[in-house]
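Reading the structure
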Amino acid sequence: MSAPVFAQENSASPLALLLVLEASTSVGSVALIANGAVVAVQLVAMGAGREDQLFPAVQALLADVGATARQLTGVVCGAGPGSFTSLRIAASLAKGLAHGASVPLFAVSSLLLAAADGIEPLRSGPAVVHADALRGERYVLDVHFAADGRVQAQSALERMTLEQLDAHSAGRPRLAVLASTTPDLETRVVTPSSAHLLRLLPNAWSGAVVLDSWEPQYGRLAEAQVKWEASNGAPLPSLGAA
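To start, this report covers the structure provided alongside it.

Cut-offs and rules
Residues numbered from 1 in each chain as written. Predicted model: local features only at pLDDT ≥ 70, side-chain atom pairs only at ≥ 80, totals over all residues. Heavy atoms only, no water. Pairing = 2+ DSSP bridges. Helix = DSSP H or I, 4+ residues; strand = E, 2+ residues; numbered from the N terminus. Axes fitted to C-alpha atoms, helices over the stretch in contact; angles between N-to-C directions. Contact = heavy atoms within 4.5 Å. Salt bridge = Lys/Arg side-chain N within 4 Å of Asp/Glu carboxyl O. Buried < 20%, exposed > 50% of the residue type's maximum accessible area, 1.4 Å probe, protein only.

To continue, consider the sheet that holds strand β5 (residues 105–108). Strands sit in the order β3-β2-β1-β4-β5 across an open sheet of 5 strands; the sheet is mixed. Of all the strands in the sheet, the pair left with one neighbour each is β3 (37–45) and β5. With strand direction ignored, the average angle separating the axes of adjacent strands in the sheet is 20°. Sheet topology note: the strand β2 (residues 27–34)/β3 ladder contains 8 bridges and is antiparallel. Paired with leucine 32 across the bridge in β3 is alanine 40. Its contacts with the sheet place helix α1 (residues 54–64) against β1 (17–22), β2 and β3, and it is angled at close to 30° to β2. In this fold helix α2 (residues 84–101) packs onto β1, β4 (74–78) and β5, with an angle of close to 170° to the strand it touches most, β4.

Structural data, given as structure tokens:
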């Protein structure tokens, strides 16, 4: 077993031992950040019909560094948009770990984690990151790379048609998440990763969320929910509804 990278439970600094979960696409990941440096990363295959592998990956990473979940000083969860089911799995796990360790939970845009994969060759300046939103649309976020390579959001999340994206991104580098139907227009294809957290400016994730009420930014309702509401003419009741 590796030597422990963190020996004191619940240090005052959330960066002492920070767990990061990202599951907005079919390429999920978990990472551990100890004392402000990424010390372990593991990719996790996500998607409908797959057995949940996020929790086993968390257990394996903690074991690799000789730590326990009780020693976590913070948890960060990719907030989407993206796969409804995968985001819910990650959010539930993140909430449970944060609650069990009595530490704060932070949320971060999955599109920002993807944009951070595009530092090369952009270096500095504005860019547009976009991901598949189904039905011929894309989720779109304007971002800006600082001189030191770190990235921050410059707009609210939007959903656009491909034609609207072309007009919106004119003159700026484009970063496509995982794939693009127009590869010649893209500066780079990028992948969101939990290991990219430290490439973001701190204000992108440093505000803790409320455990009981926070949910990821799914972007769209799940297709099953859309069909249920269309056939019943009413919103789908929440799990806690009487």
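Let us keep going from here.
Attention shifts here to the pattern of salt bridges. Tallying each qualifying case throughout the model produces 7 salt bridges. Residues aspartate 142 and arginine 172 are paired through a salt bridge, measuring 3.5 Å at the closest nitrogen-oxygen approach. Separated by 30 residues along the polypeptide, aspartate 142 in strand β7 (residues 137–145) and arginine 172 in the loop between α5 (162–168) and β10 (174–177) bring together distant segments of the chain. The exposure class of aspartate 142 is buried, given its relative accessible area of 11%. Aspartate 148 serves as the salt-bridge partner of arginine 150, at 3.0 Å between the closest nitrogen and oxygen. Arginine 150 sits in the partly exposed class, given a relative accessible area of 29%.

Coordinates in, geometry out; function isn't part of it.
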